Each structure stands twice: as C-alpha cells, then as structure tokens.
Amino acid sequence: MDMFCNQCQEAARNEGCTRRGVCGKPAPVANAQDGLVYLLRGLSEVAVRARLAGITDPEADLLVAEALFATITNANFHDARFVELAARVLEHREGLRARLASTRQVGAEQGLSPAATWAPQPLNAQTLAAKAPELHAARAAADADITSLRELLLFGLKGLAAYTDHAYVLGSQNEGLLAFLQEALVAMGNDALSAEDLVGWVLRCGEMGVQAMALLDAANTGAYGHPEPTQVNLGVREGPGILVSGHDLRDLEELLEQTAGTGVNVYTHGEMLPANAYPALKKFAHLAGNYGGSWWRQDREFEAFGGAILMTTNCLTPPKPSYAGRLFTTGLVGWPGVPHIPDRAPGGQKDFSALIARARESASPKALESGTLPIGYAHNTVLSVADQVISAVQSGAIKRFVVMAGCDGRQAARGYYEQVAQNLPTDHVILTAGCAKYRHNKLDLGDIGGIPRVLDAGQCNDSYSLVVIAQALAKALGVADINDLPISYDIAWYEQKAVIVLLALLSLGVKHIRLGPTLPAFLSPGVAKVLVEAFDIMPIGTVADDVAAIAAGR
C-alpha cells in the first residue's frame, strides 16, 4: 500500500485508494497531506492550551483552516506547496510553545502528544510524507467504529475549513469557527473518547457548518448583493476570453475589474455559474456567461475553450497537455508546473496580468451550446415570493419540494439524478445547490404558476439558502418539525464540502435523506447503522422506487 485515501465518493472499490488517487493524486502527495494534517493536530493542541492561558495567534488560527482546505479533494496536487504550509505550521506551533513556556504555568508544556512535538528533519516532501505509513498502521489497528467517526469528523472539518476560509477571504470572521477546528482536531487524537463522544463532536461539527454557511452567505451578499433571477448566456462572444472555475467570488471580481476595457471576455465554469446572478458582478458587461458544465468535464471543456483558464479553488483535475499552458491556479489550488498567481497583499488585489496577457494571445472560444439558463433562486429571491409559494402549496399546485443538491461526479451511476428529475411528478419542485445541479438544470421541466420547477440556490455552500427556505416554509405552514414539511432529500455527494453540508442537515434534525450514488467508504457498518437508526439515512435505490417513495412522502 503506497497511500491510503478514502475521503471522496470515488474512492477505489468504495474502500480507498492505495496506489494513486482516482482524482489523480499521486501517493507522495497523498502522504504529504497526511503528514500535514498530523502537524495541524499538533499545532491545534498547542493553540488550544495557549488560548486557555490567554495567548492567541490569529494567523495560526486561520492557517489551520487554510491548510485543511488545501487537502480536500481536487484542490492541490503540488507537494512543494504542502511543504510550505508545513513550515508555516511548525513556525507558529513553536512560537506558541515558546510563549506558553514563558508564562511558567505549571503543566503548560507537560503531556503534549507526539503530534505537538514532531518536526520532520530536514523538512521536505519526503520527510513530511514519511509519517503517513505510521498513521496508516495505527488506523488499521484501531477500532473500526472509532476510526470511522474520526474520519467522518475530519472530513467534515475539511469542508468546514473551506467554507470558513471563503468567508475570511471576504473579510467576514468568526473566531469561534477557527477555535472549533482546533478543538475538534485535538479530539480526533484523544484515545479516551468513546464512540458516543465522537458522535457528539460530529454533530457539533454540523452545527458549526450551519454557522459557517451563514457567515459565508452574509459575506457574499454583503459584498455583491443578493442573487437575482437571471437568464445566463450559454453561448460565446467574439474575442479572447478567460474561463474562471472554482468558488472564489473575490477572485472573479478582481479579474473583472482588471479586464474591464481590455476586450477580454470573462466566462464562468462549474461552481462559478451562480456568480452571474449577483448584482455587483453581473454589472460587468464583459461577464459573458457560463461555459460548459460540471468540474469533471473540464478536460474536454478547457481544451475546447481555447483561452486562458483560472482555477480559484478545488475542483481541479489533472490538466491535459493541450491546455496546461493556458491554465493558472490561485489561492490554495496547485499543480506542478502550472503558473500560480500569488495571494493579494493586505488591502490590495491579486495581479492577474500574466493571465490576461495569455488570454489576449487566444482566439474566440469554441461554442459548446447556446441559449440561456435560469439561476439566482437563493433564499432572498424565494422568500420574496413566499406568499405565491405558500399559496401554491396550500392549493396543491405544488405537492412536494425535492432537495437535489450536492456534488456531481464522473460515475455513470450519477445518471440516476437526471432520471429522477425527469420522472418526478409535475407538481414537484426541485431545490438545488452545488454542481449536482448539472445533472438536471438544463432539462426543460417547465414551471408551476410561474415558479420554475428547478430553483437553483447557487454553489454548494449556498445549501444554507435551502435551510432558510425550509425554515421559512415551516413557520408559514405552522409546522413544528422540519421533517413534517413536504420536502424530500435526494442528495449527491463527492467530497468534503458535501460532508459538512450533510452534517449541517443532521445537526438541524433533518431525517430521511437519500444519499448517493454510494454511501461513504469511511462509514463503518456500525457507524452507518447509527446514522440509519438515528436519522434514517438511506442509500439511493432504483429511479422508479425512489420516485414513487418521494411522491408518497418519503
């Protein structure tokens, strides 16, 4: 076994990747990520002790979130970047240890775990990755349910870190979220915790997920306004273009400002599609629309685009030689040999001049499709017509809402979601967010009294909008238990952002969730049994059976 990674839905054999990640992640990178997470546990342990002694390091707190974000699926494939992060982790850890020692508090430095004292010497990709076999052996020797709960917590923390970091990029902060990340990482390594204890930590992680998504929602809408119903252009314009993928709206905003008046058009891709509905972004006349679809199609779509491409966050796949020379990364994304645009200096912008220069060398993009696509149905839009929605529910025009949110992926089994959407009764409305929508958002499903049958709330983090909508429906309909609403959940998952969305729903008490196309490989039989019994989590079934069950209220 050269590596072990089971954090995404496409884990080999639905067990784990042991030679090379299905995502394209080579074993040395996977092992370097494991070594980095181990160091983050150590930094967190010292930071938690320091906070109790009145000592804080805000840069270290945010660093934990950034480094966890860098390890999520399809984000960073460059081992040198993990070495850089590890060096920063060690610097802050040792700085906090020195400050703790200077307080001369009894026991401040006693009983630290090996994670809080380990320092690879010399620090490089090989020594960082060398910790992984030891961690894998310990995992194999541990109780299966304890291991499963620790992994469920860790992967939830990675998703939580991503959404928290997105909010911090826009200046919205919540120190409690950063403190929780550290406390939970420490709990992961506490052998005294029982399975019941860890279940509590997992549900707390879900609670923090709701807070993080609310923080990010406020950050996005505060900076760019509330999304508006918008028909997004799916075609192309004459002239060179830049294709922007990922999730980071601030990167897109700064790029739009720097390309204004240059003759370069900017297109969104994948999870950046919802950006076209924000008033402060759609005002740019050269925001030309959306190009292509889900992240896993990028090898064909990036090749066809012909212009420069910017990856702002996760969802990168191994680039083909045909477009690797036109690809740029920024933020926590990385690929060896691909130019990386450094982060912005405090109070400044990122410098996209190299990206723009590359774009100007290119011809017009090759058209993939034409027409428009309706987006912009986040909570503010839906609640602005709440009376119309409630009236449609009360009259029976709308019988049920079906939450079909989450992630898309490569597996053929994901055709299930398109078929479910096509076969739902015509009085059912789909609530969606995340790239899972690309399985059904271009279907002609019509509307109900002017209400589109697919209401697209936005990115995966905008699943918070779906929670707000559900809570508003419950209040308007006088329903005390959210599970008594005419809402069914048919969720697709792929990576750790979807895990935190799932944990957020569970923390809110949502039950009867169908999850597919497979249950997570990191769920042991015992933990899966707990989720089934406590929350009625269900695997997806056949299209016919699931549509019938949804229509019947399950």
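Residues numbered from 1 in each chain as written. Predicted model: local features only at pLDDT ≥ 70, side-chain atom pairs only at ≥ 80, totals over all residues. Heavy atoms only, no water.

Notes on unusual backbone geometry
Each neighbour pair has its own omega, and for Q121 with P122 the value is -15°, a cis peptide bond. Here P122 shows up in the loop between α3 (79-103) and α4 (125-129). Omega for the bond connecting G516 with P517 falls within 30 degrees of zero, at 5°, which places this linkage in the cis form. Tracing the sequence through the fold places P517 in the loop between β15 (513-516) and α19 (525-535). One non-glycine residue, R13, adopts positive backbone phi at about 60°. Within the fold, R13 resides in the segment before α1 (27-52). The class of R13 is exposed, set by a relative accessible area of 58%. Although it is not a glycine, C315 sits at a positive phi angle of roughly 105°. Considering the arrangement of structural elements, one finds C315 in the loop between β5 (308-311) and α12 (321-324). (Helix = DSSP H or I, 4+ residues; strand = E, 2+ residues; numbered from the N terminus. Buried < 20%, exposed > 50% of the residue type's maximum accessible area, 1.4 Å probe, protein only.)

Quick notes on the pattern of salt bridges
Across all of its chains, the model carries 27 salt bridges by this definition. E45 is the partner of R49 in a salt bridge, and the nearest nitrogen-oxygen pair spans 4.0 Å. Residue R49 and its partner E45 are located together in helix α1, separated by four residues, close to a single helical turn. Looking at E45, the relative accessible area reads 12%, which means it is buried. A salt bridge links E94 to R93; its shortest N-O distance comes to 2.8 Å. Each of R250, D251, E254, D343, R344 and K350 takes part in a single network of salt bridges with overlapping partners. (Salt bridge = Lys/Arg side-chain N within 4 Å of Asp/Glu carboxyl O.)

Some remarks on the environment of W295
Among the structural elements, W295 can be located in the loop between β4 (287-290) and α11 (298-305). In this structure, the C-alpha to C-alpha distance between W295 and M213, residues 82 residues apart in sequence, is 22 Å. In this structure W295 touches N74, H269, C315, T317, D408, G409, R410, C435 and Y494, once residues within four positions along its chain are discounted. A polar contact of 2.9 Å, which involves the side chain of W295, links it to the backbone oxygen of D408. (Contact = heavy atoms within 4.5 Å. Polar contact = N/O pair within 3.5 Å; in protein donor to acceptor, adjacent residues only side chain to side chain.)

What about the environment of N276?
Relative to the elements of secondary structure, N276 occurs in the loop between β3 (265-268) and α10 (279-282). C-alpha of N276 to C-alpha of P229: the two residues are 47 residues apart in sequence and 9.7 Å apart in space. Engagement of the side chain of N276 in a polar contact is seen with the side chain of T268, the distance being 2.9 Å.

Nothing here speaks to function; it is geometry throughout.
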